[in-house]
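Given next are the chains, with one letter for each unit.
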Amino acid sequence: MKRRTILLYRIRIPNFEKKYLLDELIKVFLRPEEYEIMADEDMNQADITFNSENYQDKDLIKQQIYDKLSEITGLNPEWGILTGVRPVKLCGEIFDETGSKDETLKRLENHYYLNAEKSHLIMDILEYQRQTAGRPKADTAGIYIGIPFCPTRCVYCSFASNQVGESEIARYMTALHKEIEYCGRRMKETGISPETIYIGGGTPTTLNAGQLTEMTEAIRRSFDMSKVREFTVEAGRPDTISEEKLRALKDAGVGRISINPQSMKERTMELIGRKHTPGDIVKAFEIAEAMGFDSINADIIAGLPDETPEDFADTLNKVIGLSPDNITVHSLAVKRASKLKDIDSDFHYKQAAAVSEMLDIAGSKLAAADYIPYYLYRQKHMAGAYENTGYCRKGKECIYNIRIMDDHQTIVALGAGGMTKVYYPEEDRLERVPNVTNYQEYIGRIDEMLDRKEKGLFRR
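This section reports on the structure supplied with the text. Values in this document were obtained by computation on a predicted structure and should not be read as measured data. (Residues numbered from 1 in each chain as written. Predicted model: local features only at pLDDT ≥ 70, side-chain atom pairs only at ≥ 80, totals over all residues. Heavy atoms only, no water.)

### Let's talk about the overall build of the chain
Which entries qualify depends on this criterion: Secondary structure elements are defined from DSSP: runs of H or I of at least 4 residues count as helices, runs of E of at least 2 residues count as strands, and each element is numbered from the N terminus. For the radius of gyration, the atom set is restricted to C-alpha positions; the globular benchmark scales as 2.2 Å times the number of residues to the power 0.38. Note on exposure labels: buried denotes an accessible area under 20% of the residue type's maximum, exposed denotes more than 50%, and partly exposed covers the range between, all computed with a 1.4 Å probe on protein chains only. In this analysis, two residues are considered to be in contact whenever any of their non-hydrogen atoms come within 4.5 Å of each other. Here the open area of atoms and residues is found with the Shrake-Rupley method and a 1.4 Å probe, where only the protein chains shown may cover a residue.
For the chain, the count of helices and strands is 17 helices and 14 strands. For 460 residues, the compact-globule estimate of 2.2 N^0.38 gives 23 Å, and the C-alpha radius of gyration of the chain, at 23 Å, lies within 12% of that figure. Considered along the principal axes of its C-alpha atoms, the chain spans approximately 65 × 50 × 45 Å. Across the 460 residues in the chain, those meeting the buried criterion constitute 58%. By sequence separation, contacts in the chain at least 24 residues apart represent 73% of the contacts at least 6 residues apart. Accessible surface, the chain: about 19,700 Å² in total, of which carbon and sulfur atoms supply 46%.

Take a look at the structure:
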């Protein structure tokens, strides 16, 4: 149904203090300029009122919001009233409570308003994760190491991504090595073993081959590698990949890498701020295949500027033809910190219908090519309020990706912008221990970052 044009709705939500918990669902239906949530003293001027019944359960209020705004706009979001990042985790909690697949699906559809396709998708993913990755063992952790540098900044990017010279990268690596050595030593002393190691960014292969070798040697020297099931590096952008760099990673025992085209349309690469061509992507895959990595992932994005569903299908066909072990399909998210947000703040709303069609194309083509959906997460400001889904060949799932979305394992995050999450199994809760995001502050305050981990992680 065509979206109805709305000038402004004044919304009243009495008897519920944390209105921000409801605002994300309202944004799925209405653009920020189309409504305002009234302050308590102005509530007599409202056009729509929710929660006159004085519910304290936010889900019941969300059901009212969904029902009313669906009626007004004609929209029926497929994820129902869910706005959280981790729907598979919620599915697991319901399944563990009910012990029944049918009851889990029923609650997802009747209480949370998911459509049948989405509820079955996350149920299938949950079953696959438990059959393959299983539960994390006690006293294990995932290790994330961030390299916050890229050759250029893509228009949709909201991550820590800096364009700097060699001397700045060298300064950062000195501080990062200090954190690697400290965390490795303290994990050994406190009996925490790494299960997975994931080096992300930014673009880690912005580093030269020597820096990659020095970093991976520091990792192997510092951490107990005896229980590591998976060692991943996001090689990421093809214009940063060379045979010398991939050889350095392979020699260090890295088994899984990512090569992320995002699109195979050259004009799109120019629009989003990338400096490589489709030919560079193919060449990067050829080099990686010759190296014999255990697993190669490719990321693509649905909803990029000026792309049609036909363009997306062409990208998908070409990426499948390169035969990666994993293909992650992202729905475009327009975050506040991205250039695209400044260019067109409504871009993700405009792309909703196209992204829906693109995700349908991805699901059917990847199933036909024997890829299985194995992890899924959502973000704010996504086109159509859809999702990101990781697909894999059977047995090629990324354990780190599963763990980071399941939230039942400690994640030790190193580097600028790293967010360590300390898991307390007895209480089933997480405590966060952040590193500063700015890489220059990280360098200058590295001792403070180590002290934060000492107090928040190692002395818990």
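### A closer look at the pairing of strand 4 (residues 140-147)
Here is the rule we go by: What makes two strands pair is DSSP finding at least two bridges between them.
Most of strand 4 is tucked away, with eight of its eight residues classed as buried. Of the two faces of strand 4, both are covered, the one formed by Thr140, Gly142, Tyr144 and Gly146 as well as the one formed by Ala141, Ile143, Ile145 and Ile147. As judged from the eight bridges shared by strand 4 and strand 5 (residues 193-201), these two strands associate in the parallel manner. Looking at strand 5, one finds that isoleucine 145 is bridged to isoleucine 199.

### Digging into the environment of glutamate 307
Inspection of the secondary structure puts glutamate 307 in the loop between strand 8 (295-302) and helix 11 (309-321). Take glutamate 307: its relative accessible area is 6%, and that puts it in the buried class. Between the alpha carbons of glutamate 307 and lysine 265 there is a distance of 8.6 Å; along the sequence they are 42 residues apart. With near-sequence residues (within four places) excluded, glutamate 307 lies in contact with Ser263, Lys265, Thr268, Phe312 and Met358.

### Observations concerning the nonpolar core
The test is simple: The criterion is simple. A nonpolar core is a set of buried Ala, Val, Leu, Ile, Met, Phe, Trp, Tyr and Cys residues joined through side-chain atoms within 4.5 Å.
Within the largest apolar cluster, 81 residues are counted, with the highest numbers of intra-cluster contacts made by Tyr172, Leu176, Met215, Ile219 and Leu246. Here the element with the most residues in this core is helix 6 (residues 166-190); it accounts for nine residues. Non-local contacts of leucine 176, meaning those with residues more than four positions away in its chain, are made with Ile145, Gly146, Ile147, Met215, Leu414, Gly415 and Tyr442. Formed by 34 residues, the second largest nonpolar core is a distinct cluster that contains Tyr9, Phe16, Leu105 and Ile122.

### What to know about the packing of aromatic side chains
Stated formally: Whether two aromatic rings pair depends on their centres lying within 6.5 Å, for rings of Phe, Tyr and Trp, where Trp uses its six-membered ring; planes under 30 degrees apart make the pair stacked, over 60 edge-to-face, and the rest tilted.
Counted under the stated rule, the structure contains eleven aromatic pairs. Ring centres of phenylalanine 149 and tyrosine 172 lie 5.2 Å apart, and the angle between their planes is 90 degrees; on these two criteria the pair is classed as edge-to-face. With phenylalanine 149 in the loop between strand 4 and helix 6 and tyrosine 172 in helix 6, this residue pair connects regions lying 23 residues apart in the sequence. Here the two residues phenylalanine 149 and tyrosine 172 agree in accessibility, since each one is buried. Their ring planes at 25 degrees and their centres at 4.7 Å tell us that tyrosine 198 and tyrosine 400 sit as a pair that is stacked. Separated by 202 residues along the polypeptide, tyrosine 198 in strand 5 and tyrosine 400 in helix 15 (residues 399-406) bring together distant segments of the chain.

### What to know about the sheet that holds strand 3 (residues 48-49)
So the rule is basically this: Here an angle of 0 to 180 degrees is reported between the N-to-C directions of two axes, which are lines fitted to C-alpha atoms, with helices fitted over the stretch in contact.
What the three strands build is an open sheet, ordered 2-1-3; its pairing is parallel. Only two strands of the sheet have a single partner each, and these edge strands are strand 2 (35-37) and strand 3. Running over the sheet, helix 1 (residues 20-29) touches strand 1 (9-12) and strand 2 and is turned about 170 degrees from strand 2.

### A closer look at the pattern of salt bridges
Selection criterion: Should a side-chain nitrogen of Lys or Arg be within 4 Å of a carboxyl oxygen of Asp or Glu, the pair is scored as a salt bridge.
Scanning the entire structure with this criterion turns up 34 salt bridges. Aspartate 447 is paired through a salt bridge with lysine 178; the nearest N and O atoms lie 2.7 Å apart. A residue pair is termed long-range when its members are at least 10 positions apart, and aspartate 447 in helix 17 (residues 446-458) and lysine 178 in helix 6 qualify at 269 residues. We classify aspartate 447 as partly exposed; its relative accessible area is 49%. According to the relative accessible area criterion, lysine 178 is partly exposed, its value standing at 37%. Within the structure, one salt-bridge network assembled from shared partners comprises Arg185, Arg186, Glu189, Glu454 and Arg459.

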